[in-house]
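# Observations on the three-dimensional arrangement
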Amino acid sequence: MSSDVRFTDFKSDKQPTWCPGCGDFGTMNGMMKALANTGNDPDNTFVVAGIGCSGKIGTYMHSYALHGVHGRALPVGIGTKLANPNLEVMVAGGDGDGYSIGAGHFIHAVRRNVDMSYIVMDNRIYGLTKGQASPTSREDFETSTTPDGPKQPPVNPLALALAAGGTFIAQSFSSDAQRHTEIVQQAVEHDGFGFVNVYSPCVTFNDVDTYDYFRDSIVDLQESDHDPTDYDDAKDAILDADKEYQGIIYRDENSTPWEQREGLTENMADIPAGAPDDAMDLVREFY
């Protein structure tokens with residue numbers, strides 16, 4: 001940890017190829033600021049991403065990074081954190097990557113409660129493949145492949161996280177730079193799995209869930225009497241389909257990370273010189 005790190009230290013020399021105005025710019029800036037604010041260093045940070053417009057975020061951030069396959073970013077992040085608990089692990093994804101093919105990994109990552117953060121850029125559409133309905137698209141959202149809408153209710157990722165035993169569940173808006181950074185920072189600081197669903201508008205293929213729509217619709221829980229430590233309050237907010245909430249929705253103040261509970265404290269990447277005792281006997285037994 002260092003107090004001298006600036007968020008620009010997390011910027012790489014690669015220029016993003018996202019569409020001008022994409023919400024992912026704001027999402028990534030907030031991630032970098034949150035990492036810097038918590039004293040993390042690029043040399044001790046590992047960013048994992050899957051497939052989608054969010055997938056190249058590790059290229060645009062200066063840290064250790066891995067661009068994985070569709071829906072599989074979380075297992076990589078979990079394995080990395082368990083192998084080296086001293087590493088700051090942040091997983092980035094999109095609504096398609098995280099809540100469709102990656103939905104199973106998402107649920108199990110939440111319930112394991114490994115000490116890492118998961119930032120999902122939710123633009124309610126498949127942007128990279130040119131505008132198909134995603135798991136979080138509205139039921140009547142018209143696209144070239146669903147001209148009458150998906151005709152099924154959108155996935156509620158916050159409800160999935162709460163049902164799976166999530167210990168930190170939050171939502172932010174990429175255009176609200178200060179609040180987005182604050183929320184991601186709290187996810188990083190949380191002892192356990194910090195999940196943030198980010199409203200990150202797609203300016204090219206989604207003309208419904210726009211910046212103007214979110215600015216007019218968002219209700220910031222910080223400005224209400226919401227208690228994020230109250231499970232029932234969290235459930236009510238998550239199941240309120242008429243509101244677009246921003247803020248810390250649920251936080252378990254008694255959360256204990258999985259690796260701490262299981263006594264995993266050593267860096268497994270530090271392999272001692274020489275073969276372990278009796279290693280050759282084990283090899284001969286099977287070959």
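What you see is a predicted model, and the numbers here were worked out from it, not measured in a lab. Along each chain, numbering runs from 1 in the same order as the chain's sequence is written. With the structure being a predicted model, the display of local features is reserved for residues of pLDDT at least 70 and the display and counting of side-chain atom pairs for 80 or more, all residues being used for whole-chain, interface and lining totals. Just so you know, side-chain values use all the structure's heavy atoms and leave hydrogens and water out.

### Observations concerning the sheet that holds strand β7 (residues 218–220)
In short, DSSP must find at least two bridges between two strands for them to pair. Only runs of H or I of at least four residues qualify as helices and only runs of E of at least two qualify as strands under DSSP, and these elements are numbered from the N terminus. Strand order in the open sheet formed by eight strands is β2-β1-β3-β4-β6-β5-β8-β7, with mixed pairing between adjacent strands. The sheet terminates laterally at β2 (64–67) and β7, the two strands that pair on one side only. On average, adjacent strands in this sheet sit at an angle of 20 degrees to one another, irrespective of strand direction. Relative to β2, strand β1 (residues 45–49) is paired through four bridges, and the arrangement is parallel. Interaxial angles span 0 to 180 degrees and are taken between N-to-C directions of axes, which are lines fitted to C-alpha atoms, for helices over the stretch in contact.

### Considering unusual backbone geometry
For Arg124, which is not a glycine, the phi torsion comes out positive at approximately 60 degrees. Note on placement: Arg124 falls in the loop between β4 (116–122) and α6 (157–163). Throughout this description, buried means an accessible area under 20% of the type-specific maximum (1.4 Å probe, protein chains only), exposed means over 50%, and partly exposed covers the range between. A residue is classified by how much of its surface remains accessible, and Arg124, at 11% relative accessible area, is buried.

### A short note on the environment of Asp122
Its location among the elements puts Asp122 in strand β4. The spacing of Asp122 and Gly26 is 96 residues in sequence and 13 Å in space, taken between C-alpha atoms. When neighbours within four sequence positions are excluded, Asp122 is seen to be in contact with Asp95, Thr136, Asn197, Val198, Tyr199 and Ser200. Here the side chain of Asp122 touches Thr136 through a polar contact of 2.8 Å, side chain to side chain. Throughout this description, a polar contact denotes any pair of N or O atoms lying within 3.5 Å of each other; where both atoms belong to protein, one of them has to be capable of donating a hydrogen while the other can accept it, and for residues adjacent in sequence the pair is counted only when both atoms sit in side chains. Polar contacts involving the side chain of Asp122 include one to the side chain of Asn197, which spans 3.3 Å. Only heavy atoms matter for contacts: two residues are in contact if any of them lie within 4.5 Å across the pair.

### Some details on the side chain of Thr136
Structurally, Thr136 can be placed in the loop between β4 and α6. At 3.2 Å, the side chain of Thr136 forms a polar contact with the side chain of Asp95. Every residue in contact with Thr136, bar those within four places of it in the chain, is listed here: Asp95, Tyr99, Asp122, Arg124, Pro154, Val155 and Pro157.

### Describing the pairing of strand β6 (residues 193–199)
When you tally the buried positions in β6, you get seven out of seven residues, the bulk of the element. Every second residue of β6 is oriented toward a common face, with Phe193, Phe195, Asn197 and Tyr199 on one face and Gly194, Val196 and Val198 on the other, all of them buried. Bridge analysis of β4 against β6 gives seven bridges, and the strand direction is parallel. The partner of Val120 across the bridge, within β6, is Asn197. One ladder, built from five bridges, connects strand β5 (residues 168–173) with β6; its direction is parallel. In the strand pairing of β6, Ala170 is matched with Val196. By convention, orient the strands away from the viewer: a clockwise path from the first strand over the helix to the second makes the crossover right-handed. Note that the unit made of β5, helix α7 (residues 177–189) and β6 has a crossover that is right-handed.

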